[in-house]
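Descriptive structure summary
Chain residues, written in single-letter form:
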Amino acid sequence: EVQLKESGPGLVQPSQTLSLTCTVSGFSLTDYSVHWVRQPPGKGLEWMGVMWSGGSTAYNSALKSRLSISRDTSKSQVFLKMNSLQTEDTAIYYCTRDNNYFDYWGQGVMVTVSS
Amino acid sequence: DIQMTQSPASLSASLGETVTIQCRASEDIYSGLAWYQQKPGKSPQLLIYGASSLQDGVPSRFSGSGSGTQYSLKISSMQTEDEGVYFCQQGLKYPYTFGAGTKLELK
C-alpha cells in the first residue's frame, strides 16, 4: 500500500528554519518523484518543489532562495528545509507522489509561524 | 508561470443535478491537466488526469474534457459525498500551478 506521511514541528518562530520529513512506503524513491505542496488556511494550493527519482531537484522560483529539498533513499525519506520563515508561510504542508500527476498525498502537517 | 483560472468560485447543486466546473489556462497546456477533490480536513484526491482519464476508483459520474486552454470537469449526477472543493492543476510546465478552487455544496 502506497503511503506518504509528513512530520515536523507544528510551530516555528519568525525568521527561523522549517524542517519537514516525508516518509514514504509502498514505493521506492528511485522509481517515483516526490513533490511538496502547501496550502495556507482556507486558501489554494502552491507547488513548492520536487525531488526527482533520479536525485535532482526543482523549485518554485518564488521560494527557490529559501528552499532546499533532499532525500535519504535508504530510509525512504524526503526532506524539506525552508529558511527565513514569515507569518505568510503558515500553511498545511503536503508531500505527494508524482505518477505524471499527484496520485497519492500525505495527510499534511500544519505549520504555524508565530512568536 | 502558467495561470489557471477556475469558475465558478462556488456553486450549489441539488441531488442528481449535473455540475460543470471550468478551468482556463493562460497558455496551451496540451491536455496536461488534472482535477482534484478536497474535503474538509483532508488532503486532495486525484479524480482526473490527462484532462479526461478517470483515476482508478473514482466514480464514473465524474468526467473531464477539454483541450488547448479550456477544460471542464463534469459530475453527471450530484451526490452528497461530492461536496468539497475542486482544484484543477496544470502539469505541463514548472512551476506546476493550481486553480484557486471551486467550492461545491449540496443545495
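See the structure shown above.
A few points on the structure. (Residues numbered from 1 in each chain as written. Chains lettered and ligands numbered in written order. Predicted model: local features only at pLDDT ≥ 70, side-chain atom pairs only at ≥ 80, totals over all residues. Heavy atoms only, no water.)

Focus on the overall build of chain B
Operational definition: Think of it this way: any DSSP run of H or I at least four residues long counts as a helix, any run of E at least two long counts as a strand, and we number them from the N terminus. Radius of gyration: C-alpha atoms only; globule rule: 2.2 Å multiplied by the number of residues to the exponent 0.38.
A tally of helices and strands in chain B yields zero helices and eleven strands. Each helix (α) and strand (β) of chain B, taken in turn from the N terminus, gives the series β-β-β-β-β-β-β-β-β-β-β. Against the 2.2 N^0.38 benchmark of 13 Å for 107 residues, chain B shows a C-alpha radius of gyration of 13 Å, consistent with a compact globule. Each of the three principal axes of chain B carries a C-alpha extent, and together these read 35 × 25 × 25 Å.

What about the environment of B:Ser7?
Keep this limit in mind: A contact between two residues is defined here by any heavy atoms of the two lying within 4.5 Å.
Counting through the fold element by element, B:Ser7 comes out in strand E1 (residues 4-7). Non-local contacts of B:Ser7, meaning those with residues more than four positions away in its chain, are made with B:Ile21, B:Gln22 and B:Thr102.

A look at unusual backbone geometry
Put simply, the test is: When a residue's accessible area, from a 1.4 Å probe over protein chains only, is under 20% of the maximum for its type it is buried; when over 50% it is exposed; and in between it is partly exposed.
Residues B:Ser7 and B:Pro8 are joined by a peptide bond in cis, for which omega reads -10°. Within the fold, B:Pro8 resides in the loop between E1 and strand E2 (10-13). The omega torsion of the bond from B:Tyr94 to B:Pro95 falls at -5°, within 30 degrees of zero and hence cis. Relative to the assigned elements, B:Pro95 resides in the loop between strand E9 (84-90) and strand E10 (97-98). A positive phi angle, close to 55°, is found at A:Ser84, a residue other than glycine. The residue A:Ser84 is located in the loop between strand E8 (77-82) and strand E9 (91-98) in this model. Phi is positive for B:Ala51, which is not a glycine, with a value near 75°. Topologically, B:Ala51 is positioned in the loop between strand E5 (45-49) and strand E6 (53-54). Judged by relative accessible area, B:Ala51 falls into the buried class, the value being 2%.

Here's the deal with the interface of chain B and chain A
Heads up, the rule is: A simple way to read buried area is as the amount of 1.4 Å-probe accessible surface that goes missing from two parts once joined, with both sides added. Here a salt bridge means any side-chain nitrogen of Lys or Arg lying within 4 Å of a carboxyl oxygen belonging to Asp or Glu. Polar contacts here mean pairs of N or O atoms no more than 3.5 Å apart (in protein, one a potential hydrogen donor and the other a potential acceptor; neighbouring residues in sequence count only if both atoms are side-chain atoms). Basically, the charged four are Asp, Glu, Lys and Arg, the nonpolar ten are Ala, Val, Leu, Ile, Met, Phe, Trp, Tyr, Cys and Pro, and anything else, Gly included, counts as polar.
Contacts between chain B and chain A engage 19 residues on the former and 18 residues on the latter. Interface area, chain B with chain A, both sides summed: about 1500 Å², of which 66% is carbon and sulfur. Area buried by chain B at its contact with chain A is led by B:Tyr94, B:Tyr96 and B:Phe98, which between them contribute 35% of it. Taken together, chain B and chain A are joined by zero salt bridges. Where chain B meets chain A, there are five residue pairs in polar contact (both at pLDDT 80 or more). Of all the elements in the fold, those that place two or more residues in the side of chain B that touches chain A are strand E4 (33-38), E5 and E9 of chain B. If one sorts the elements of the side of chain B that touches chain A by residue count, E4(B) sits on top with four residues. Within the side of chain B that touches chain A, the residues separate by chemical class into eleven nonpolar, seven polar and one charged.

Considering the sheet that holds strand E1 (residues 3-7) of chain A
Residues and elements named next belong to chain A. Going by this rule: The pairing criterion is simple: DSSP has to find at least two bridges between the two strands. For helices, the fitted axis covers only the stretch in contact; all axes are lines through C-alpha atoms, and the angles between them, taken along N-to-C directions, range from 0 to 180 degrees.
Reading across from one edge, E1-E3-E8-E7 is the order of the four strands in this open sheet, with antiparallel pairing throughout. At either end of the open sheet lies a strand with only one pairing partner, and these are E1 and strand E7 (67-72). When strand polarity is set aside, the average angle formed by the axes of neighbouring strands in this sheet is 20°.

Thoughts on the sheet that holds strand E3 (residues 19-25) of chain B
Residues and elements named next belong to chain B. In spatial order, the strands read E1-E3-E8-E7; together these four strands make up an open sheet with antiparallel pairing. At either margin of the open sheet sits one strand with a lone partner, and together these are E1 and strand E7 (62-67). Between one strand and the next, the sheet's axes are offset by a mean angle of 20°, whatever the strand orientation. In terms of strand pairing, E7 meets strand E8 (residues 70-75) through six bridges, oriented antiparallel. Residue pairing in the sheet places Ser 67 in a bridge with Gln 70 of E8.

What about the packing of aromatic side chains?
Each aromatic ring pair is specified by the distance between its two centres and by the angle formed by the two planes. Definition in use: Here is the rule: rings of Phe, Tyr and Trp (six-membered ring for Trp) pair when centre to centre is within 6.5 Å. Planes less than 30 degrees apart are stacked, more than 60 are edge-to-face, and the remainder are tilted. Here, a charge over a ring means that NZ of Lys or CZ of Arg falls within 6 Å of the ring centre while also lying within 35 degrees of the ring normal.
Scanning all chains against the criterion turns up 14 aromatic pairs over all chains. With a centroid separation of 5.8 Å and an interplanar angle of 55°, the aromatic rings of A:Phe102 and B:Tyr96 are classed as tilted. Here the residue A:Phe102 occupies a position in strand E10 (residues 102-105), and B:Tyr96 occupies one in the loop between E9 and E10, the pair thus bridging two chains. Just as A:Phe102 is buried, B:Tyr96 falls in that class too. Both rings, one in B:Phe62 and one in B:Tyr86, keep their centres 6.4 Å apart while their planes meet at 35°; by these two values the pair is tilted. Separated by 24 residues along the polypeptide, B:Phe62 in strand E7 and B:Tyr86 in strand E9 bring together distant segments of the chain. The burial state of B:Phe62 is the same as that of B:Tyr86; both residues are buried. An aromatic cluster of three or more residues is present, and its members are A:Trp47, A:Trp52, A:Tyr94, A:Phe102, A:Trp105, B:Tyr36, B:Tyr94, B:Tyr96 and B:Phe98. Its end group placed over the ring of A:Phe27, A:Arg97 keeps NZ or CZ at 5.1 Å from the ring centre. Geometry around A:Tyr32 places A:Arg97 over its ring, the cationic atom sitting 3.9 Å from the centre.

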